[in-house]
Amino acid sequence: MRTRFAIAFFCAFVAVAGPGSAADPASPTASKYGDQIRPLMVRYCGECHDPEDEEDPVKFLRDMTSDEVASHRSMWSGVAEQIVNRTMPPGDADQPTEAERLEMATWIRTHLDATACDGSDFAGRPVPRRLNRDQYTYAIKDLTGVTFDFVETFPADGSGGEGFDNNGETLFLPPLLMERYLEVAAQVVDRIVFTEPIDRTFQLTRRDPSARFELTDVGSNEQANQFRLDSGAKVSRDLQIDSDADFVLTINAASSGDTNSMLVLRIDGIEVERHTLTSSKSSDELKSQIHLTRGLHRIELAVPIGMPSIAIASIRLKQNPVDKDRRKETEAATKRIFAAASDLIGSDDRAAAQTILASFARSAWRGNVGDGQRESLMNLFDRGHERGESFNQAIKLPLKAILVSPRFLFVGEVSHSEPGIHRISDLELASRLSLFLWHSLPDGELLELAQSDRLHLPNVLDGQVHRMLADDRSIRFADAFAGQWLGTVAVGKTVIPDTEHFRPVYTSELVTDLGRQVSETMQYMLRENRPVTDWLDCDYVVVNRRLAKHYGISPLPKNNELFEPVKVTDSPRPGVLGMGAVHMLTSYSQRTSPVLRGGWVLETIFGARLPAPPPDVPALRGGEKEVGDNTVRQRLEKHRENPTCAACHDLIDPIGFALENFDVLGRWRKTEGEGGKNEIDATGKLPSGETFDGPIELRRVLLARKDDFGRQISHRMLGFALGRTLEDEDGCTVQTLTQRLAENNYKIESLVMGIVQSIPFQYRQGDPLQKEIDE
């Protein structure tokens, strides 16, 4: 029975015609589509994709002209890839000759390339988005100089669009996250603004014999004589606690009767401790360890009914000392934030606060601070100052307000209602740059250039890109882009092998190193302006000493923690195919998977979108474990006897077979199975005829497809830089970036620079709906 596949978009990995094909390239002329190409496609595809069939989900044969083909670019690109990879027509249908297959696919691709830039310039409409978890963390660090760990505080960000977690379409703000932002902002402010620890002493007083007892500060004008708290009496004091902390509450008191008495301590109405006072002692020192959160708290002392009265001499509330390193860090952060007005504090506190808040808000909000916003922040400062709070304490509330403002939490740009494209402001360009290359806020230099309207000037912009790539903060870009593009960010998190099975080799340090190798390699490529094709093949491996031992590489680097490039010759390790993080990602818990590995190469490196396997395909014998009687390859050969599966697996499996010498943890091996009695066969043959044996030869085959790889990495990095899903209209930009990359020997900096100089990065599309919103 004929199986109808939905169109699955494969990359152009396999050559259209095999060796020796005599077919000539198809002409991209418009008339050829109607005269030759469409009739061929109707002949071979029309039975399953009848243009008159309303239920057909892929209606490509409804396009009668070449202009209609160009307007449905994504769909037709998928059609060409299906034809190229021989996954369409289905195996049980009439097949075109190789010459016909070449003619159809080449015309489609040539026509799509030729028309990619025929339309008007397109910039897209990035949606407002919040900072993702990593960007928020880096922004706080760059603002304050203090490193915070918000992993457990915020929910994980989902990926969208091109597969990255900075995609605006997924970065909405649920109410729970807003509550987290409020809590975290308070914690941040307490860490960056030093206030003296609380140490206050109170005494029991009352204004006259008929008045109720009060707890007043020692040194106040109230009478400070010692009083007795009678049986059944109580006294309380409300205290404003500015930050979460641990305290010691010490009560100096004595029982006034011949028998023991009892004093009850309550915090916010909840009993936390009962102290017994012995009658034989002239004085007892009663201590309670308590934790008070930020906010207003009521401390209450009471003598139970029937107990002798208690003479209270003093009550002392003392905050536990802060860790020395923590205090030093907080004092340094305070000095940094107050630096702009340190000479005014104490002499003109209001002027000092204005200067500090304006500077902090400018950095946090990535631009100008209006007069009304300054006034609102100062009102918050005045409120605390008028209550008698110290300067440091009074300035905390407006600083917190800055950190919970939408101008900090969200990335937004001015929309235009007029059609066409519009250049974004230099301040918006500064934010795009810093979020792209630093995953954080613009620094002072970027803001100065933006506010003087000079950042967009080509020579200035190029200089800033060079500066930012040379800055240590570019490791964040390397880590976020490479880890998410390759998928290795999941290693050690959601992807974990059977730790017992691989003990003692599997350790947390090893997993960390495997993940770091990906970002450190990307960082090295950026720093040295290496070709992006180093991901496919090169003569070095970026490792530290511990990872080099794991891989069996020599000479070993000197340091266990520091990564450095090591030159290698005839090694299976260079490029992404030799990275243990990729091997772990594409394996099951106890065994490797040629299918996962081959599919990963096609999808991740060349942009294929593989179809899901039919639901009736049985699992391999042995499941996710190795078995001793045959290899995974042998089991897959039986599995592939199903003709429905063969078309895809003929393309996927050979690539995976070439990587079988790498085990789940990325170690090199020559045998597999229980006891290692099965020798690994790492040979493969693609449908186009290329053969290879092992990863070294496979790398050379992949390198021959460097143009396809250049298109894929251009597409993915552009989507990452823009923080949105790419559209068909972005095809011209992707094509331009790909051509520029090839013209510059695939140097990675040319790709980064091309993205920054592109229309989608420096412009945005007009939105006619904005006029209705404004009105």
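In this report, we go over the structure that sits alongside the text. (Residues numbered from 1 in each chain as written. Predicted model: local features only at pLDDT ≥ 70, side-chain atom pairs only at ≥ 80, totals over all residues. Heavy atoms only, no water.)

Counting secondary structure elements, the chain contains 28 helices and 20 strands. Reported as C-alpha extents along the three principal axes, the dimensions of the chain are approximately 115 × 70 × 55 Å. When burial is assessed residue by residue, the chain has 52% of its 775 residues classed as buried. The contacts in the chain between residues at least 6 apart in sequence include a share of 72% that link residues at least 24 apart. (Helix = DSSP H or I, 4+ residues; strand = E, 2+ residues; numbered from the N terminus. Buried < 20%, exposed > 50% of the residue type's maximum accessible area, 1.4 Å probe, protein only. Contact = heavy atoms within 4.5 Å.)

The next subject is the packing of aromatic side chains. What the rule picks out here adds up to 26 aromatic pairs. Note on F338 and F391: the rings are 5.6 Å apart at their centroids and 80 degrees apart in plane angle, and the pair reads as edge-to-face. Taken together, the residues F338 in helix α7 (residues 324-338) and F391 in helix α10 (residues 391-394) connect sequence positions 53 residues apart. With relative accessibility at 6%, the residue F338 sits in the buried group. Aromatic pair F436 and F761: ring centres 5.9 Å apart, planes at 55 degrees, arrangement tilted. Placement of the pair is F436 in helix α13 (residues 426-437) and F761 in helix α27 (residues 759-762), with a sequence separation of 325 residues. (Phe/Tyr/Trp six-rings, centres within 6.5 Å; stacked < 30°, edge-to-face > 60°.)

Turning our eyes to something else, we now look at helix α23 (residues 694-703). Turn by turn, an α-helix covers 3.6 residues, leaving residues three or four places apart pointing in a common direction. Considered for burial, the residues of α23 that qualify are G694, P695, L698, R699, V701 and L702. Seen along its axis, α23 keeps its buried residues to an arc of 160 degrees; they face one direction. (Arc of directions from axis to C-beta.)

Attention shifts here to the packing of α13 against helix α14 (residues 444-451). At a minimum axis separation of 8 Å, α13 and α14 run at an interaxial angle of 155 degrees. In terms of axis orientation, α13 runs roughly antiparallel to α14. Taken as a pair, α13 and α14 cross one another with a handedness that is right-handed. Residues D426, L427, A430, L433 and S434 of α13 pack against L446, L447, L449, A450 and Q451 of α14. Of the residues belonging to the contact of α13 with α14, the class tally is seven nonpolar, two polar and one charged. (Axes fitted to C-alpha atoms, helices over the stretch in contact; angles between N-to-C directions. Parallel < 35°, antiparallel > 145°, perpendicular 65-115°, else oblique. Left-handed = near helix turned anticlockwise from the far one by under 90°. Nonpolar A, V, L, I, M, F, W, Y, C, P; charged D, E, K, R; others polar.)

Before going further, it helps to examine a negative patch on the surface. There is a patch of like negative charges on the surface, built from E169, E727, D728 and E729. Inspection of the secondary structure assignment puts E727 in the loop between α24 (706-722) and α25 (731-743). Exposure remark for E727: the relative accessible area of 38% places this residue in the partly exposed category. (Patch = residues over 30% accessible without salt bridge, like charges linked within 9 Å, V, L, I, M, F, W, Y side chains within 5 Å. Areas by Shrake-Rupley, 256 points an atom, 1.4 Å probe, with all protein chains shown as cover. Salt bridge = Lys/Arg side-chain N within 4 Å of Asp/Glu carboxyl O. Lys, Arg positive; Asp, Glu negative; His and termini not counted. Charge placed at Lys NZ, Arg CZ, Asp CG, Glu CD.)

Pairing in this open sheet of four strands is antiparallel, and the strands run β5-β10-β7-β8 from one edge to the other. Two strands in the sheet have a free side with no partner beyond their single neighbour: β5 (234-241) and β8 (270-277). Neighbouring strand axes in the sheet, compared pairwise and without regard to direction, differ in orientation by 20 degrees on average. As judged from the seven bridges shared by strand β7 (residues 261-267) and β8, these two strands associate in the antiparallel manner. Bridge pairing links M262 to T276 in β8. (Pairing = 2+ DSSP bridges.)

Tracing the backbone through its elements, the reader meets E389 in the loop between α9 (371-386) and α10. Only 2.8 Å separates the side chain of E389 from the side chain of R387, close enough to count as a polar contact. Discounting residues that sit within four places of it in the chain, E389 has contacts with G384 and A394. (Polar contact = N/O pair within 3.5 Å; in protein donor to acceptor, adjacent residues only side chain to side chain.)

For residues other than glycine, phi is negative in most cases, and the peptide bonds are mostly trans. Cis geometry marks the peptide bond from R503 to P504; its omega dihedral reads 10 degrees. Summarising the element assignment, P504 is placed in the loop between α16 (474-486) and α17 (508-528). The residue after S554, namely P555, is reached through a cis peptide bond having omega 0 degrees. Assignment of secondary structure puts P555 in the loop between α18 (545-551) and β15 (564-567). Of note in the backbone geometry, N529 takes a positive phi value of approximately 50 degrees without being a glycine. By the element assignment, N529 lies in the loop between α17 and β14 (540-543). Take N529: its relative accessible area is 23%, and that puts it in the partly exposed class. We note that D570 has phi near 45 degrees; this positive angle belongs to a residue other than glycine. Since its relative accessible area comes to 65%, D570 is described here as exposed.

Attention shifts here to α17. Taking 1.5 Å of rise per residue, the 21 residues of α17 would be expected to cover 30 Å, and the 30 Å separating its terminal C-alpha atoms lies within 8% of that figure. Along its length, α17 reaches its greatest deviation from straightness, about 30 degrees, at R516. (Expected span 1.5 Å × (residues − 1). Bend = angle between axes of the 7 residues up to and from the residue.)

Bringing the pattern of salt bridges into the picture now. Counting across every chain of the model gives 40 salt bridges. A salt bridge links E285 to K287, with the nearest nitrogen and oxygen atoms 4.0 Å apart. As far as burial versus exposure is concerned, E285 and K287 are alike and both exposed. One continuous salt-bridge network, built from bridges that share partners, spans D443, E445, R467, D471 and R473.

Turning our attention to the nonpolar core. L433, F436, L437, F477, M522, W535 and I605 are the most contacted members of the largest nonpolar core, which totals 100 residues. If sequence neighbours within four positions are ignored, M522 has contacts with F477, A478, F481, A482, W535, M717 and I748. Counting residues in hydrophobic clusters, the runner-up holds 45 residues, among them V146, F338, A364 and A394. (Core = buried A, V, L, I, M, F, W, Y, C linked by side-chain atoms within 4.5 Å.)

This part is about the pairing of strand β6 (residues 245-255). Burial of β6 is extensive: nine of the 11 residues sit out of reach of the surface. Taken together, the nine bridges between β6 and strand β9 (residues 284-292) define a ladder with antiparallel strand orientation. Among the inter-strand pairings, A245 is bridged to a residue of β9, identified as L292.

Our focus in this paragraph is the state of the cysteines. This structure, assessed with the given rule, holds one disulfide. C48 forms no disulfide, and the closest cysteine sulfur to it belongs to C45, at a distance of 8.4 Å. (Disulfide = S-S within 2.5 Å.)

A few words now on the environment of H649. Within the secondary structure layout, H649 lies in helix α22 (residues 643-657). Note: C-alpha distance between H649 and T137 (512 residues apart in sequence) is 43 Å.

This part is about the environment of K287. With respect to the element layout, K287 can be found in strand β9. For K287, a relative accessible area of 51% gives the class exposed. Taking the C-alpha atoms as reference, K287 lies 22 Å from F213; in sequence the two are 74 residues apart. Other than its neighbours up to four places away in sequence, K287 contacts V248, L249, T250, E273 and H275.

Our focus in this paragraph is the packing of α16 against α17. At their nearest, the axes of α16 and α17 sit 8 Å apart, and the two run at 125 degrees to each other. If you check the angle between α16 and α17, you find them oblique. As α16 packs across α17, the resulting crossing turns out to be right-handed. Together, S474, I475, F477, A478, D479, F481, A482, G483 and L486 of α16 and V518, S519, M522, Q523 and L526 of α17 make up the contact between the two elements. Classifying every residue of the contact of α16 with α17 by side-chain character gives nine nonpolar, four polar and one charged.

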